[in-house]
Structure formats: structure tokens, C-alpha cells
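Listed here are the chains, written in short residue letters.
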Amino acid sequence: MLRPETTRRESTEERITRFARDAGIPLLRIGLGVVYLWFGVLKLFPGGSPAQDLVERTVSALTFGIIHGDLARLSAAITEIGIALVLLSFRAPRLCAVLLIGHVVLVSTPLVLFPGEMWAGPLQASFEAQYILKNLVTVAAAVVIASSHSKVR
């Protein structure tokens, strides 16, 4: 026969598991949505984002100089705000995942475009490169979001 504290612990574990299953994807979408919204809004204002220079140079390089300066910054801002709105809408999980992965690919390009600034040596990432590399977590989040089949779990 099980002791009472064993039964209580299992019941607590089951409740925690159920909460994680039910709330995990919505919390993931809210968390990512808030971050994307925050970072996107910062880019709406000149000097508002510490990544402004890198964003402007990257967008300019990727568009062969067609989009640069304020337009590059505003394009990035609108893109990030759009992704945030899709995340926070709790709709279109697969579209959301495609947008997230596409964004991560684009924002990772400075690792290749500006290697002298991103790497001090093998595996010695600059602060900016570390900021970019943390987006690997976003890719994992996108895969989890894509796996969700309902609007809200």
C-alpha cells in the first residue's frame, strides 16, 4: 500500500504535468510575442535599439544597398512587430513557425557577413554574435509551435 505522501506527490506531479501540457505552448507564444513586440517597437525609434547599427548594415547588405538607414531599421521593426502579432493571435501555428525560422535565418546572417566583428577566434563569439546565437532557442520554439494543432491548447 502506498504511503499518503507518495500519493500526494504523484498527484502534484500529475497536476504539474497537466499544467505544462496545457499552458506550455500558449506561454511560449506569449513570451516570444512580448520579446518580438518589445524589440520591434524599440526599432521604431532612431537610437532606440542597441542593435540598430547592425540591423541597418545587415539589411543594406542583404538588399545590395537598396534598403538602408532608417528604412532598413523600420523594415526590421515592422517585421518583428508583425511576427509578434501572429504569435499573440494564437492562430496559424505553422505560419508562425515559418516566420520565426525565416527571421532567425535573416538575423543570423551577420555571423557570415561580418565575421571579423562576430568572431574573435574559433568559438570566441562577440557579444553581438552571442546575441544572435541565442536565436537557436527561437528555432526550437518555432518547431514546438508548429507542432500545435489547435489555436489555444
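Residues numbered from 1 in each chain as written. Predicted model: local features only at pLDDT ≥ 70, side-chain atom pairs only at ≥ 80, totals over all residues. Heavy atoms only, no water.

K.L.:
Where do I start with the pattern of salt bridges in this structure?
P.N.:
Proximity of charged atoms lets side chains of opposite charge pair with each other. Per the counting criterion, the structure on display carries six salt bridges. Notably, a salt bridge pairs E56 with R73, separated by 4.0 Å at the nearest N-O pair. A residue pair is termed long-range when its members are at least 10 positions apart, and E56 in helix α2 (residues 52-62) and R73 in helix α3 (residues 69-89) qualify at 17 residues. The buried category is assigned to E56, whose relative accessible area is 16%. We classify R73 as buried; its relative accessible area is 3%. The partner of D70 in a salt bridge is R73, with the nearest N and O atoms 3.0 Å apart. Highlighted residues: D70 and R73, both in helix α3, separated by three residues, approximately one helical turn. With a relative accessible area of 45%, D70 lands in the partly exposed category. Salt bridges sharing common partners tie together D53, R57 and E117. (Salt bridge = Lys/Arg side-chain N within 4 Å of Asp/Glu carboxyl O. Helix = DSSP H or I, 4+ residues; strand = E, 2+ residues; numbered from the N terminus. Buried < 20%, exposed > 50% of the residue type's maximum accessible area, 1.4 Å probe, protein only.)

K.L.:
Before we go on, may I ask you to explain the nonpolar core in this structure?
P.N.:
The tendency in soluble globular proteins is for nonpolar side chains to be buried side by side. Judged by nonpolar contacts, the single largest core of 13 residues is most densely connected at L32, Y36, I83, L87, C96, L100 and I145. Breaking this core down by element, the ones donating at least two residues are α1 (4-43), α3, α4 (93-108) and α8 (136-147). Apart from the residues lying within four places of it in its own chain, the contact partners of I83 are Y36, L99, L100 and H103. Within the second largest apolar cluster, six residues are counted, among which are L54, L111, F114 and I132. (Core = buried A, V, L, I, M, F, W, Y, C linked by side-chain atoms within 4.5 Å. Contact = heavy atoms within 4.5 Å.)

K.L.:
How should I be thinking about unusual backbone geometry in this particular structure?
P.N.:
Outside of glycine, negative phi angles account for most residues, and trans bonds account for most peptide bonds. Not every positive phi belongs to a glycine, and A92 is a case in point at roughly 50°. In this fold, A92 is placed in the loop between α3 and α4. One non-glycine residue, L123, adopts positive backbone phi at about 60°.

K.L.:
Teacher, can you tell me more about α3 here?
P.N.:
Three or four residues apart is the spacing at which side chains of an α-helix point the same way, because the helix has 3.6 residues per turn. Under the 1.5 Å per step criterion, the end-to-end length of α3 is 30 Å for 21 residues, consistent within 8% with the ideal 30 Å. Of the positions making up α3, those classed as buried are A72, R73, A76, A77, E80, I81, I83, A84, V86 and L87. Note on α3: the residue one or two positions beyond its end, F90, has a positive phi of about 60°. (Expected span 1.5 Å × (residues − 1).)

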